[in-house]
Amino acid sequence: MLNRNSLFDAMSGISDDYLASAAVLLGDMKEDNLMHLDSSRKQARARKAGRILLIAAVLVCLFTVTAFAAGLFSISTRVPDAKETFQIHWDDSENGYLEWSDAKLVLTFPAVAESREIEFRPGWLPFELPEELPGSSPWNGISEDTWFRRFASESLCWAENAGRYPEEYKEIGQPILIETYSMAQFHDGGAMLMLYQTPENITEEHWDELGVDVLSFHGKQHFDERDIPEMDLHIDAYDIEYDYVLLSNEEKGWIIEVCGQLGMDTVRKVAENLEIRETGNTLTQADFQNKYLFIDGGVG
Amino acid sequence: MDDEAILNLYRLRQAAALTETEAKYGRLCFCVADRILNSREDSEECVNDTWLHPWNAIPPEKPKLFPAWLSRVTRNLAISRLREAHAAKRGGAEIDLVLDELAECIPGGTDPQRVVEANELTEAVNRFLAGLKPLERDAFVARYFYAASHAELSARTGWTVGKAKTVLRRSRLKLQTYLKEEGLC
């Protein structure tokens, strides 16, 4: 017999899409977690938000940007004190932000008011571009002529694609990731933060051919060993390591991040062979859904 | 890490799947549990129980939308825990109000011989939801799946508490009519 309990129980079978949409309304889940948005919303988000799923705009900046006084290099880095806090926009919190400490690296860029919107295509990759991959619709229909604003390749590591790509891909999460950012995002004095990965071997260069300043480093995040008694499971300690190459063009106001887990030589080769072009659009801070005063530059 | 990458870790039986899931969706699952259980301790235990389910289910299961799938697991675990708690005369809160409101959708003339199959009812609820406006649907699901309070709905939608109650009441009446038309009550 139908009663209030059976009706309540029936709610457990509500469609995933409706559950996710309501969870977003409640702030339990970020909209970026929705996988079935229509294409126009996806494109808008891809343009405005990139892969910044976790942390976006900031309300207040607690440090001053002084790094560009010398004007020699367009990316400035500093390792913040572990206690230094950054107020990062966070819709779900009572105050609308959360205070983050223990950031591993602060990267600051020139505070340009406008950025040229760019797109790129890889001139060289350590793998062939797949025409089609099971369970990976983003790959379908792309070719060597496709231009990107974001390029991610984690689907090459998925189990369905075992055997199509090198065995080593099974053990990693992201072979190569390429993303574009705009300095206009940081117009109010914000910065890109590495929240989790501790940087090593930071180097600065200038590549004349691409007309960019280049910052490279290795990032490592350590996970302690732990037990999960409920599952009678022991997890050994492990590290997640990435290499990063940031290309910065101060005159045009854009940044490209190339990173991945295939080693610095490979990441550099991908970066060196990028073909970059402007779309003709100019972006200001107002064009971004979130005012990225601080963003998580790490792969998360 | 995106959901497909996390699901891949489960398929590969990598323990990191658990840490990644907890890091990304721990808060979501806690909120789902806490609205029902109204107890931090119980909710944390419920969330811990949740993590076992994807580990056991994936593979072969392939969640279409992983956070929604986790929400459903957490909610079911929370309801089970709540029913145990009710037996011990504790717990409850918002969920009792939610159940009372749902009782309004079932008119007094229910045929006691009519045993409604759970799947049939679920499908009817989904068809009903498909006919609601998106914000009304979100509010309905937020209230009757997630057990969100009227105040929380008000804060999230920009409606007054009174309007939230009114919108939900209209939706309940529509559901009652719909279930009648479908011959389910």
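Note: the structure precedes this text.
So, how was this worked out
- Residues numbered from 1 in each chain as written.
- Chains lettered and ligands numbered in written order.
- Predicted model: local features only at pLDDT ≥ 70, side-chain atom pairs only at ≥ 80, totals over all residues.
- Helix = DSSP H or I, 4+ residues; strand = E, 2+ residues; numbered from the N terminus.
- Buried ≥ 20, exposed ≤ 12 C-beta atoms within 10 Å, placed from the backbone.
- Contact = placed C-beta atoms within 7 Å.
- Nonpolar A, V, L, I, M, F, W, Y, C, P; charged D, E, K, R; others polar.
- Core = buried A, V, L, I, M, F, W, Y, C linked by C-beta atoms within 7 Å.
- Domains from an automatic or database assignment.
- Expected span 1.5 Å × (residues − 1).
- Axes fitted to C-alpha atoms, helices over the stretch in contact; angles between N-to-C directions.
- Parallel < 35°, antiparallel > 145°, perpendicular 65-115°, else oblique.

K.L.:
Would you mind going over the overall build of chain A in detail, with residue names and values included?
P.N.:
The number of helices and strands found in chain A is four helices and 17 strands. Counting over 300 residues, chain A shows a buried share of 39%. Within chain A, contacts between residues separated by at least 24 positions form 69% of all contacts whose residues are at least 6 apart in sequence.

K.L.:
Just give me the short version of the overall build of chain B, but keep the residues and values in it.
P.N.:
A tally of helices and strands in chain B yields nine helices and zero strands. When the helices and strands of chain B are placed in sequence order, the string is α-α-α-α-α-α-α-α-α. Contacts in chain B between residues at least 24 apart in sequence constitute 64% of all its contacts with a sequence separation of at least 6.

K.L.:
Could you give an account of the interface of chain A and chain B, with specific residues and numbers?
P.N.:
Taken together, the contact between chain A and chain B spans 43 residues of the former and 54 residues of the latter. Elements with a contribution of two residues or more to the side of chain A that touches chain B: α1 (4-10), α2 (16-26) and β13 (233-235) of chain A. A total of 10 residues in the side of chain A that touches chain B trace back to one element, the largest contributor, which is α2(A). The class makeup of the residues in the side of chain A that touches chain B is 24 nonpolar, 12 polar and seven charged.

K.L.:
Can you explain the nonpolar core? Please cite residues and give values.
P.N.:
L19(A), A22(A), A78(B), V141(B), A142(B) and Y146(B) are the most contacted members of the largest nonpolar core, which has 64 residues in total. No other element matches helix α2 (residues 16-37) of chain B, which puts 10 residues into this core. Taken domain by domain, this core gets at least three of its residues from each of domain 1 (3-87) and domain 2 (94-181) of chain B. If we ignore the near neighbours within four places in the chain, the residues touching V141(B) are I14(A), Y18(A), L19(A), A22(A) and Y146(B). If you look at the next biggest cluster of nonpolar residues, it comprises 44 residues, including L177(A), L215(A), I255(A) and C259(A).

K.L.:
Explain unusual backbone geometry residue by residue, including any values.
P.N.:
All names here are of chain A. Even without being a glycine, D102 presents a positive backbone phi close to 65°. Of note, D102 is situated in the loop between β4 (97-100) and β5 (105-108). For N201, which is not a glycine, the phi torsion comes out positive at approximately 55°. Relative to the helices and strands, N201 is located in strand β10 (residues 198-207).

K.L.:
How would you explain helix α3 (residues 40-57) of chain B if you had to name every residue and give the values?
P.N.:
With 18 residues, α3(B) extends 26 Å from end C-alpha to end C-alpha; this agrees with the ideal 26 Å at 1.5 Å per step. Among the residues of α3(B), D42(B), S43(B), C46(B), V47(B), T50(B), W51(B) and P54(B) are the ones counted as buried.

K.L.:
So what's going on with the environment of P122(A)? Residues and values would help.
P.N.:
Residues and elements named next belong to chain A. Positionally, P122 belongs in strand β6 (residues 115-122). For the pair P122 and W147, spaced 25 residues apart in the sequence, the C-alpha separation amounts to 8.4 Å. Among residues more than four places away in sequence, those in contact with P122 are F151, V270, N273 and L274.

K.L.:
Requested: an account of the packing of helix α7 (residues 134-144) of chain B against helix α9 (residues 161-181) of chain B, with residues and values cited.
P.N.:
Residues and elements named next belong to chain B. At a closest axis distance of 10 Å, the pairing of α7 and α9 adopts a crossing angle of 90°. Relative to α9, the element α7 is oriented roughly perpendicular. In this structure, α7 uses E136, A139, F140 and R143 to contact α9, whose residues at the interface are A164, V167, L168 and S171. Looking at side-chain class alone, the contact of α7 with α9 contains five nonpolar, one polar and two charged residues.

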